Amino acid sequence: MKPDLFTRLHSPYYIVAPDYSTNTDEARCLHHLCHALNLAGEEAYVTGEGCDALRTPLLTQALIDTHLRAGRNPLVVYADSVSGNPLAATNVVRYLIGAGAAAGAGEMLVTRRIELAAPGTQVLTVPLADDAAYAQSRALFARQLEEFIAASQQRFNQAAIAPTESATPVAPTTLAAAAAARIFPGRLARPLQNSTSAAPMRRPVVPVPAAAPAKRKKRLVVYSVESTWSPCPQIRLIRPFAHLQGDWELIWGIENGRLQHERIANADLIVLHRFTPGLMSIPTLQGIFAAKVPVIYESDDLLNAIPHDHPEAEQGANWKEGIEYAVRHAKAVVVSTEFLAAKYRALNPAVHVLPNYIDYDLFYRPVPADDRGARINIGLLGSSIQPSNFALVDEALRALTERYGERLHIDFVGWECPKGWEGHPRTTFHSFVHQYVDYAAQLREWNWDIALIPLASDEYNQCKSYIKWLDYSAAGIASIFSNVSVYNEVVTHDVTGLLMPNSSQAWLEAVTMLIESPQKRQALASTGQQEVRDNFNLRAKAARYGEIYGQYATPAGTGLQ
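Notes on the structure in this doc start here. Nothing here was measured: the structure is a model prediction, and the numbers come from that model.

### A word on the sheet that holds strand β6 (residues 122-123)
Within a sheet, neighbouring strands are paired by backbone hydrogen bonds and run either parallel or antiparallel to one another.
Right, so step 1: With parallel pairing, six strands are arranged side by side in an open sheet as β2-β1-β3-β4-β5-β6. The open sheet has two free edges, formed respectively by β2 (44-46) and β6, since each of these has just one partner strand.
Right, so step 2: Judged from the three bridges that link them, strand β1 (residues 13-15) and strand β3 (residues 75-79) form a sheet pairing that is parallel. Its bridge partner lying in β3, tyrosine 13 is registered against leucine 75.
Right, so step 3: Helix α1 (residues 25-39) rests against β1, β2, β3 and β4 (92-96) of the sheet, and its axis sits at about 155 degrees to β2.

### Examining the sheet that holds strand β13 (residues 332-335)
Right, so step 1: Across the sheet, which stays open at both edges, the six strands sit in the order β8-β7-β11-β12-β13-β14 with parallel pairing between neighbours. Of all the strands in the sheet, the pair left with one neighbour each is β8 (248-252) and β14 (351-353). Neighbouring strand axes in the sheet, compared pairwise and without regard to direction, differ in orientation by 25 degrees on average.
Right, so step 2: One ladder, built from three bridges, connects strand β12 (residues 295-298) with β13; its direction is parallel. Within β13, the position partnered with isoleucine 296 by the bridge is alanine 332.

### Brief notes about the nonpolar core
Right, so step 1: Among the nonpolar cores identified, the biggest contains 58 residues, and Trp469, Tyr487 and Tyr549 are the most heavily contacted of them.
Right, so step 2: Tallying contributions element by element places helix α12 (residues 436-446) first for this core, with six residues.
Right, so step 3: When near neighbours in sequence (up to four residues on either side) are disregarded, tyrosine 487 contacts Ile453, Leu455, Ser465, Tyr466, Lys468, Trp469, Phe481, Ser482 and Leu499.
Right, so step 4: One finds Tyr297, Tyr325, Leu340 and Tyr460 within the second-largest nonpolar core, a separate group that totals 34 residues.

### A closer look at the environment of asparagine 256
Right, so step 1: Assignment of secondary structure puts asparagine 256 in the loop between β9 (254-255) and β10 (258-259).
Right, so step 2: It is 9.7 Å that separates the C-alpha atoms of asparagine 256 and valine 225, two residues lying 31 residues apart in sequence.

The rules behind these values
Residues numbered from 1 in each chain as written. Predicted model: local features only at pLDDT ≥ 70, side-chain atom pairs only at ≥ 80, totals over all residues. Heavy atoms only, no water. Pairing = 2+ DSSP bridges. Helix = DSSP H or I, 4+ residues; strand = E, 2+ residues; numbered from the N terminus. Contact = heavy atoms within 4.5 Å. Axes fitted to C-alpha atoms, helices over the stretch in contact; angles between N-to-C directions. Core = buried A, V, L, I, M, F, W, Y, C linked by side-chain atoms within 4.5 Å. Buried < 20%, exposed > 50% of the residue type's maximum accessible area, 1.4 Å probe, protein only.

Coordinates in, geometry out; function isn't part of it.
Structure, rendered in structure tokens:
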């Protein structure tokens, strides 16, 4: 206990860490750091699942809200493996564990091993095991930890916002616009305590003097069972409206798996997102539509007609009734492609096409250099390895692995490895990366030279968006696509990508050409990257979201529907 009972509390530590179960040195180091800080009387939390044997409480939205209301601005600890400041934190400690990196502007640099940093950098050698080495250095570590706590609190605690009598109270909203602006996704915003939806952390709200009242923002209540860190809410709602934070406030209408009906009371607009209405009963949907607040149905997939070989086909059959009820009764429908719009106009004429855009900087990776002796990495992700789509390239890939041997490596990313490829010596299967920011980071780290996007010619695929072209192009990857409407509307053949007919021979020839021609790979990747940066960067396109959604937003309390 502190000597003075009324001494102001230190800022809490939020340690961005993978799950302890991964059992990497980085995970163990970060979780043990959290444990040590808590044993030392500080308040520390991790963003990944911890170990029962350690005092590593999981950071939750309730804790975040409590700290921010109290003016306790957190200190966020990143390992050197984390690129940039994805949490947009104000107070950042960069902890060099393995690779070594320079601190960003305003960051505090700490190192686990002195050889990773310049002389004079503070050393904090967190032990990974209770062994003989730790027994000999126990006192040294205790001193290092004490010095770290003192230095970090002294450096950053002055920036914390203390509550005052004149301060405007901070209302604990589920998803304030400031939260959307800072996009606090990834593992921190995982579903909390078995919820199906969680809100990102909000930055502290600076009190506004009474003489200058804040502008009232449009309140958009989102009914989505998809967690805020997952791709679709990020791409279609959270990130676009983050760029409109001055005018819009997003509020999540589902929390801990329960509908928060009271949040409709102050709403200007309601969004039923993707398959969420398919999980609701018709009486529940009727209750939402009876609330006298305009409702929009939003989706970027034809989720009421999922093909039989899709991993969610069985669930999709149960979604159909609720989705179609929502589409028919909504004030408007917002979708990502014209083909999908045509499908829904049969149920509701007020359909708007709002294409997908991308936060370019999140995915950017320099185009790989021309290294003729290097291994060629090919990637297929998500729907590209579903049976009906993968069948288009299966034979070609087998021929290529035979021809190029160890010079070629293939990454499969999805729900399950394509049949017949399990354990293949030239391939690696990765489970689908569900957290959007983690996926972007992983895509850069896979270092793909070529990506394949085969799509069978069916209605479901025609309704998909060109999001993979955006992701792969921003990441500097030369890509080959099936020549279907979803891609031939944006990809210029032989300029920003390759468009192939759905024949095995065509795919074999196209991939062979890119393997043999580093110059061609570079040209396609560079031109595609430039096209996405110039014409599909979300920062420049976000105003379109405000224009479309703004047409239907009704000032709260007017009772118009």
